[in-house]
Amino acid sequence: MRAILVKQPGGPEAMELVELPVPQPKANEAVVKLTASGVNFIDVYVREGRYKALPPFVLGQEGAGVVNAVGADVASTKNGDRVAWCGVMGSYAEYAAVPADRLVPIPDGVTDPQAAAVMLQGMTAHYLSHDTYPLKRGETVLVHAAAGGVGLLLVQMAHNLGARIIATVSSDEKARLARAAGADEVILYTQSDFEAETKRLADGKGVNVVYDSVGKTTFDKGLNVLRPRGMMVLFGGSSGAVPPFDPIALSQKGSLYLTRPTLANYIATREELLAQSRAVFSMMAAGTLKLRIEHTYPLAEAQQAHRDLEGRKTTGKLLLIP
Amino acid sequence: MQAIRIQQTGGPEVMELAEVPTPRPKPNEALVRVSIAGVNSIDGRFRDGSWRTPLPFTPGQEGAGLVTAVGALAKTVKVGDRVAWSGALGSYAEYVAATADSLVPVPATLSDPQAAAAMLQGLTAHYLATDAHQLKAGETALVHAAAGGVGLLLVQMARMIGARVIGTASNPEKAGLALEAGADEVIVFTQQDFEAEVKRLTGGKGVDVVYDGVGKATFEKNLNVMRRRGMLVLYGMSSGPVPPVDPAKLSEKGSLYMARTTLAHFTATREELLARTSALFAMIAEGKLKLRIAKTYALGEAAQAHRDMEARKIAGKILLML
């Protein structure tokens, strides 16, 4: 089979299209014939060696396809099932061996590319809005990077839950996207101070929750725009890691809560994984969650896909088609 | 009137009984004839200067008594009302002028000493168990300093809710008190490592919530004894302030939450203060919540009361009788 292999961590050119044997399933695994593979920032970090993986390895952690072979102990899926997954390496390939308990069924009404595109970002947006801080009607939320991959999905889910959404973005084009997704107010943080603007827009009361994947540059001001007993949900660090902070700040700024969640802790059991993925798929099938698949590339063009992603010119999901 | 005055911050000896003018209520205040004042560790922090207030001053934050005069704008109480309060500096005196909105009515079913003893620690235990983390039946809570003033009340409330309570205490005698209050297990942390014990007692799963008024000494290990997505509620720092926290730790240890709370944010509105005190007073009147009033001193013995409190010889509430 064809696969994208990294022999030595590095730039996009470290990704080579190679011919490899089709993997054989271990007892607890299924082998999936991929129809679409999601491209994510985490793939860049792994490719660069920032996140450790032992070379040589096949890149990619998200995909969809059809089950082609199952191991002896596998009962949860069978040949011919349409499935999707995330968090297991090896999806930039024609075939991938995946632990069967990490595969979720794709329902009718959701295509393979849609499923591959939504697993990581969709389940992230879902656990953030439904579990980390279960949003309630009438609450006000601040969503940073609202036109980003998770951001656009999070804005839609928050809107569907009846929350009022204040969004931050970097450009007019992104502001338009955030509004179209359901943001009530959009702050261009390149032009105005988001702290002052958020306070003004929240009538001086502050917001119930801040969803922050930006980190270093937004964290302190984010604490200032929360209302008493509000929650800071820090789920990424695109501007760098938040440095250590004095917890007394949480008390001084109003008995605030902080959490630093990761998807893995919200899909740790098979039940949680199925519940999260079903919820997201049903929103897609019902048309209440819209995905922006911006571009699909043939597997052989993985390098170009990474260049485009890293150039931050894209605002939607990128997929590789084997 | 007689009052304790502090001319210069320092040890217990700086508290002197003096004759001072009776305060006059401002328009939004009421004048209360104090019948009993609560002694709290925060009084020691004002006395020794770690918390600042202009000198000279009368210490004390908590008490119960009778309204004898009201300011022109004070609508929430009237002359003759039996009231209790916390957070009115100047309570170690025959009279104190307090914001009328901070005074809560004491029902006939409660004595003044009970009401005074319950305010600060009882309200704290109540917001911790019901709001800082909404404790649910079947959850497991770790309560540090379970035989302390807040601890003994929190243990009882957690049990009423139906939670399993693991307490920590410094010696077997205090452990006995915590068990009497309803703790399912108590770890004598001077003899056993609380991290290892909590893990053992929860079958390696960890607790849903940690209530910590200790701070520095317990922080790091707390992060290791919570289940995935567990909650750490920091509400004090009797061992010193927690050093700066790297938010990434919360993610590494299982998408944890942390809050640093203070009572003021959980009694910020008159409605919330009244709702919380009436819930608290009802528990006491019904005999479900037992207060431990350890010792009552005369006003002139305030210095001795502080010495005894700070020597940590007395388990339970200390009061000054006017």
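Heads up: the structure comes first, above all this text.
Residues numbered from 1 in each chain as written. Chains lettered and ligands numbered in written order. Predicted model: local features only at pLDDT ≥ 70, side-chain atom pairs only at ≥ 80, totals over all residues. Heavy atoms only, no water.

## Points about the overall build of chain A
Across its full length, chain A holds nine helices and 16 strands. Over its C-alpha atoms chain A spans a radius of gyration of 20 Å, differing by no more than 12% from the 20 Å that the globule rule assigns to 322 residues. With the C-alpha coordinates of chain A rotated into their principal frame, the extents come out at 60 × 40 × 35 Å. Within chain A, counting contacts between residues at least 6 apart in sequence, those at least 24 apart form 67% of the total. If the 33 positive side-chain charges of chain A are averaged to one point and the 32 negative ones to another, these points end up 3 Å apart. (Helix = DSSP H or I, 4+ residues; strand = E, 2+ residues; numbered from the N terminus. Rg over C-alpha atoms; globule rule 2.2 N^0.38 Å. Contact = heavy atoms within 4.5 Å. Lys, Arg positive; Asp, Glu negative; His and termini not counted. Charge placed at Lys NZ, Arg CZ, Asp CG, Glu CD.)

## So, the pairing of strand β4 (residues 62-70) of chain B
Residue and element names in this part refer to chain B. Relative to β4, strand β3 (residues 29-39) runs antiparallel, the two being bridged by eight bridges. Bridge pairing links V32 to V67 in β4. Taken together, the five bridges between β4 and strand β5 (residues 82-86) define a ladder with antiparallel strand orientation. Counterpart to L66 in the pairing with β5 is R82. (Pairing = 2+ DSSP bridges.)

## Some words on the sheet that holds strand β1 (residues 2-6) of chain A
Residue and element names in this part refer to chain A. The strand order β2-β1-β4 describes an open sheet built from three strands, whose pairing is antiparallel. On the outer flanks of this sheet lie β2 (15-19) and β4 (57-58), each paired with one strand and no other. As paired strands, β1 and β4 are joined by two bridges and run antiparallel to one another. Following the sheet pairing, L5 is matched in β4 by V58.

## Comments concerning the packing of helix α2 (residues 112-132) of chain A against helix α3 (residues 149-160) of chain A
Residues and elements named next belong to chain A. Relative to each other, α2 and α3 sit at 45 degrees, their axes nearing to 9 Å. One way to sum up the angle between α2 and α3 is to call them oblique. In the crossing of α2 with α3, the sense of the turn from one axis to the other is right-handed. Between α2 and α3, the residues in contact are V118, Q121, G122, T124, A125, H126, L128, S129 and H130 and G149, V150, L153, L154 and M157, respectively. Of the residues in the contact of α2 with α3, the class split is seven nonpolar, seven polar and no charged. (Axes fitted to C-alpha atoms, helices over the stretch in contact; angles between N-to-C directions. Parallel < 35°, antiparallel > 145°, perpendicular 65-115°, else oblique. Left-handed = near helix turned anticlockwise from the far one by under 90°. Nonpolar A, V, L, I, M, F, W, Y, C, P; charged D, E, K, R; others polar.)

## Brief notes about the sheet that holds strand β11 (residues 207-212) of chain B
Read across the sheet, 12 strands follow the order β11(A)-β10(A)-β9(A)-β12(A)-β13(A)-β14(A)-β13(B)-β12(B)-β11(B)-β8(B)-β9(B)-β10(B) without closing on themselves; strand pairing throughout is mixed. Single-partner strands in this sheet number two, and they are β11 (185-188) of chain A together with β10 (185-188) of chain B. Averaged over all neighbouring strand pairs, the angle between strand axes comes to 15 degrees, with direction disregarded. Pairing between strand β9 (residues 140-143) of chain A and strand β10 (residues 164-169) of chain A: four bridges, direction parallel.

## Considering the interface of chain A and chain B
Each partner contributes to the interface: chain A provides 29 residues, whereas chain B provides 30 residues. A per-residue breakdown of the area chain A buries against chain B is headed by R229, Y257 and N265 of chain A, which together make up 26% of the total. Linking chain A with chain B are four salt bridges. For E272 of chain B, the salt bridge goes to R229 of chain A, with nearest N and O atoms at 2.7 Å. The tally of links between chain A and chain B comes to 16 residue pairs in polar contact (both at pLDDT 80 or more). Listing elements by their share of the side of chain A that touches chain B, those giving two or more residues are α2, β13 (226-234), α7 (248-252) and β14 (257-259) of chain A. The element that contributes the greatest number of residues to the side of chain A that touches chain B is β13 of chain A, accounting for four residues. (Buried area = accessible area lost by both parts, 1.4 Å probe. Salt bridge = Lys/Arg side-chain N within 4 Å of Asp/Glu carboxyl O. Polar contact = N/O pair within 3.5 Å; in protein donor to acceptor, adjacent residues only side chain to side chain.)

## What to know about helix α8 (residues 270-286) of chain A
Residues and elements named next belong to chain A. In this model, α8 (17 residues) spans 24 Å end to end at C-alpha, consistent with the 24 Å of a helix rising 1.5 Å per residue. Taken together, the buried positions of α8 are occupied by L273, L274, Q276, S277, A279, V280, F281, M283 and M284. Immediately beyond the C-terminal end of α8, within one or two residues, lies G287, with a positive phi of roughly 80 degrees. (Expected span 1.5 Å × (residues − 1). Buried < 20%, exposed > 50% of the residue type's maximum accessible area, 1.4 Å probe, protein only.)

## Remarks on the pattern of salt bridges
A complete count under the given rule lists 36 salt bridges over all chains for this structure. For the salt bridge of E29 of chain B with K26 of chain B, the shortest nitrogen-to-oxygen distance reads 3.9 Å. Between R227 of chain B and D208 of chain B there is a salt bridge, with the nearest N and O atoms lying 2.5 Å from each other. Here D208 of chain B lies in strand β11 and R227 of chain B lies in strand β12 (residues 226-234), a separation of 19 residues in the sequence. A residue is classified by how much of its surface remains accessible, and D208 of chain B, at 14% relative accessible area, is buried. Look at the salt bridges and you will find they share partners, linking R47, E48, R50 and E310 of chain A into a network.

## Some points on the pairing of strand β12 (residues 207-212) of chain A
Residues and elements named next belong to chain A. For β12, the buried fraction is high: six of the six residues fall into the buried class. Inspection of the sheet shows β9 paired to β12 by three bridges, in the parallel sense. Bridge assignment links L142 to a residue of β12, and that residue is V210. Relative to β13, β12 is paired through five bridges, and the arrangement is parallel. What sits directly across from Y211, in β13, is V233. In terms of handedness, the path from β12 via helix α6 (residues 219-224) over to β13 forms a crossover that is right-handed. (Right-handed = clockwise from strand over helix to strand, strands pointing away.)

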